[in-house]
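Examination of the molecular architecture
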Amino acid sequence: MLNILPVGETTKQLRTLQHGENVFHEALAHVKDGETRFYVSNPDGEDYILAYIRNMDMFPEAARAQLKMTDGKDLFQPYLSYDETDLSKLCLDFFRPYKAAMFETIDEYSLVCAKLILQHTDCEVYFTDARAAMFLPATGHLHLVEQLPETKENNAPTTLYVIPGVFEIGYIRKDFSYISSMPLFHNVFFWQWLVTKPMDQIRYVEMILYKDFGLGAILNRIYSYNRFFSDKGWKAFLSPGTSRYSDELLMRYFEISGRPEDATEENTIVVDNMAPLITTWKFQQFRQGIGGDVLKPEFKRQLDEYADAVLGGKKALGVLIRGSDYIASGLVGINKQATPEEMFPMIDQWMEEDGYDILFLATEDRDVYQTMLARYGRKLRAISQERFSVNDFKGITMISELEKEINSADTYAGAVEDTTVNYIYAVYTLSRCDSVIASGLNNGYNMALALNDGHYRRVYQFLVDVGHQNRPGQPGGK
């Protein structure tokens, strides 16, 4: 991103650019050659400095270390080239809900987006920095103010607030009306990162997943991607051999298709970094997760028989507690999981208030299972499976790594299949319970919600490391 700074330094060593409509693109062309600072001469106004900083370098080092969801890839692309006139690759729908846009920052991204708002919407645009007038067309919808006006929101936000920095990306709170300029720009221009070919040429999207993805994440991605790209008439498919599960295993249990015969390099785009797309407003407008149709009919019949046997027609509270590799990975912030002890008060309260006969526990953690068994005894139900303790993770952080370490080449494939099938049995039985409580953000919870299809009486997801628990118990929706 190019920041706009006052001329407070010697400019002799800097390349001089002339102020104009294309000044950002001219500067970025030289950024590709390694230059990062430019003196801009503006005969009709104030001279200034353009200072480039790579988008991901705006995050503190500690924050970048926590971006494990990207598998080391950029969450926000550099965008050294973009075309604000290519409407086929702009998500102008992002601006549709808003009647006003308030900008508390002035930089390349905020100005480019403000110009698009003025050109393509009837929004009122406010800037607290008068220099915005140097970059934006004179119009009655542009307001330069010392202080932003107060707005009164009713049900849905109709005012977009754009602030400095990088941390307000909208995705975590699922509220994109208060957002930093960098993620704002990405939400509008992400198609230009994703697709370098003509849009009408594309038919397929090849998904390359992160190797440590669990089954729930894989299934959620496949079905969420297909819903998203079907809006363009494109079909998403899993790249052969892309996950730690064999293609044969996935297709045996789930309704997953392989590479289409007519998929070519010309009509297919490859997506090997999903986080930049998943975190956009546009992606979040489509239903996430899977449905019962993900399961092969015979496999679903077996799952129903098992769930019937375990639950026995009794009123059941489902509890999902992730431990082991989630703890060994050192996840913090929104990804940190609640411990059984932190969950006991709510579990006990729901058991008493709603009169549950049994508690069904889904966990891969041996220590969690023993803790829950000691507290709930004969009321506890769980599938029989191999479970792991945090102490098993010596120098490794993922269950997938542990499976490779404790199994030989001959037994590894069978062990992975056992873990996979057990996971589905647990999550499916969880989806058949009357209510559910989850220890935190994880794909097993998302998968259970999707399979339940809104029939839970109450749901709750702990968020223990964000200052408060903000996913209150609520009706399931049906």
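Residues numbered from 1 in each chain as written. Predicted model: local features only at pLDDT ≥ 70, side-chain atom pairs only at ≥ 80, totals over all residues. Heavy atoms only, no water.

1. So, the overall build of the protein
Scanning the protein from terminus to terminus reveals 15 helices and 17 strands. When the accessible surface of the protein is split by element, carbon and sulfur atoms take 48% of a total near 22,000 Å². (Helix = DSSP H or I, 4+ residues; strand = E, 2+ residues; numbered from the N terminus. Areas by Shrake-Rupley, 256 points an atom, 1.4 Å probe, with all protein chains shown as cover.)

2. Re the packing of aromatic side chains
According to the stated counting rule, one finds 31 aromatic pairs in the structure shown. Relative to tyrosine 376, the ring of phenylalanine 344 lies with its centre 6.0 Å away and its plane at 70°, an arrangement referred to as edge-to-face. Of this pair, phenylalanine 344 sits in helix α11 (residues 340-354) while tyrosine 376 sits in helix α12 (residues 366-376), and the two are 32 residues apart along the sequence. Among the residues examined, phenylalanine 344 registers a relative accessible area of 11% and is labelled buried. Note on tyrosine 376: relative accessible area 11%, which makes it buried. Among the aromatic side chains, those forming a connected cluster through ring pairs are Phe190, Trp191, Tyr225, Phe228, Phe229, Trp234, Phe283 and Phe286. The aromatic ring of tryptophan 191 is capped on one face by lysine 232, whose charged end is 4.8 Å from the ring centroid. (Phe/Tyr/Trp six-rings, centres within 6.5 Å; stacked < 30°, edge-to-face > 60°. Buried < 20%, exposed > 50% of the residue type's maximum accessible area, 1.4 Å probe, protein only. Lys NZ or Arg CZ within 6 Å of the ring centre and 35° of its normal.)

3. Observations concerning the sheet that holds strand β11 (residues 235-238)
If you trace the 3 strands from one edge of the open sheet to the other, you get β11-β10-β12, paired in parallel fashion. Every interior strand has two partners, whereas the edge strands, β11 and β12 (268-271), have only one. The average undirected angle you get between the axes of adjacent strands in this sheet is 25°. Strand direction decides the pairing type here: strand β10 (residues 204-207) and β11, joined by 4 bridges, are parallel. (Pairing = 2+ DSSP bridges. Axes fitted to C-alpha atoms, helices over the stretch in contact; angles between N-to-C directions.)

4. Points about unusual backbone geometry
Here the phi dihedral of tyrosine 79 falls at roughly 50°; this positive angle occurs in a residue that is not glycine. On the secondary structure map, tyrosine 79 appears in the loop between α2 (61-65) and β5 (100-103). Phi is positive for lysine 174, close to 55°, though the residue is something other than glycine. Along the chain, lysine 174 turns up in the loop between β8 (159-163) and β9 (178-180).

5. A look at the sheet that holds strand β3 (residues 37-41)
Here we have 4 strands laid out as an open sheet, ordered β1-β4-β3-β2, and mixed in their pairing. Strand pairing shows two members of the sheet lacking a second neighbour, β1 (2-5) and β2 (15-18), which therefore form its edges. Going from strand to strand, the sheet's axes swing by 30° on average, the running direction of each strand aside. Pairing of β2 with β3, which is carried by 4 bridges, proceeds in the parallel orientation.

6. Examining the packing of helix α5 (residues 215-230) against helix α15 (residues 443-452)
Viewed as axis vectors pointing N to C, α5 and α15 meet at an angle of 55°, and their least axial separation amounts to 8 Å. When the interaxial angle is binned, α5 and α15 end up oblique. Remark: the crossing between α5 and α15 carries left-handed chirality. Between α5 and α15, the residues in contact are Gly216, Ala217, Leu219, Asn220 and Arg221 and Asn443, Asn446 and Met447, respectively. For the contact of α5 with α15, the residue count by class is 3 nonpolar, 4 polar and 1 charged. (Parallel < 35°, antiparallel > 145°, perpendicular 65-115°, else oblique. Left-handed = near helix turned anticlockwise from the far one by under 90°. Contact = heavy atoms within 4.5 Å. Nonpolar A, V, L, I, M, F, W, Y, C, P; charged D, E, K, R; others polar.)

7. Topic: the pattern of salt bridges
Tallying each qualifying case throughout the model produces 22 salt bridges. With a shortest N-O distance of 3.7 Å, aspartate 57 and arginine 54 are connected by a salt bridge. Residue class for arginine 54 comes out partly exposed when judged on its relative accessible area of 31%. Arginine 301 serves as the salt-bridge partner of glutamate 298, at 2.4 Å between the closest nitrogen and oxygen. Of the two residues, glutamate 298 and arginine 301 both sit in helix α9 (residues 297-311), 3 residues apart, roughly one turn of that helix. One network of salt bridges, in which partners are shared, links Lys300, Asp304, Asp308 and Arg432. (Salt bridge = Lys/Arg side-chain N within 4 Å of Asp/Glu carboxyl O.)

8. Focus on the confidence of the model for the protein
Mean pLDDT over the protein: 85, with 85% of residues reaching 70 or higher. Across residues 392-404, confidence stays below pLDDT 50; counting only partners more than four residues off in sequence or on other chains, it has 33 contacts. For the stretch residues 467-478, pLDDT sits under 50, and the model shows 29 contacts to residues farther than four places along the chain or on other chains. (pLDDT = per-residue confidence, 0-100.)

9. Focus: α9
Taking 1.5 Å per residue, 15 residues should reach 21 Å; α9 reaches 21 Å between its end C-alpha atoms and fits that length. Backbone geometry just downstream of α9 places glycine 312 in the positive-phi region, at approximately 55°. (Expected span 1.5 Å × (residues − 1).)

10. Things to note about the environment of lysine 73
With respect to the helices, strands and loops of the structure, lysine 73 is situated in the loop between α2 and β5. Along the sequence, lysine 73 and alanine 275 sit 202 residues apart, while their C-alpha atoms lie 8.9 Å from each other. Setting aside chain neighbours within four positions, we find lysine 73 in contact with Asp272 and Asn273.

11. Describing the environment of phenylalanine 95
Structurally, phenylalanine 95 is set in the loop between α2 and β5. A residue is classified by how much of its surface remains accessible, and phenylalanine 95, at 2% relative accessible area, is buried. Sequence spacing of phenylalanine 95 and isoleucine 117 is 22 residues, and the spatial spacing of their C-alpha atoms is 7.2 Å.

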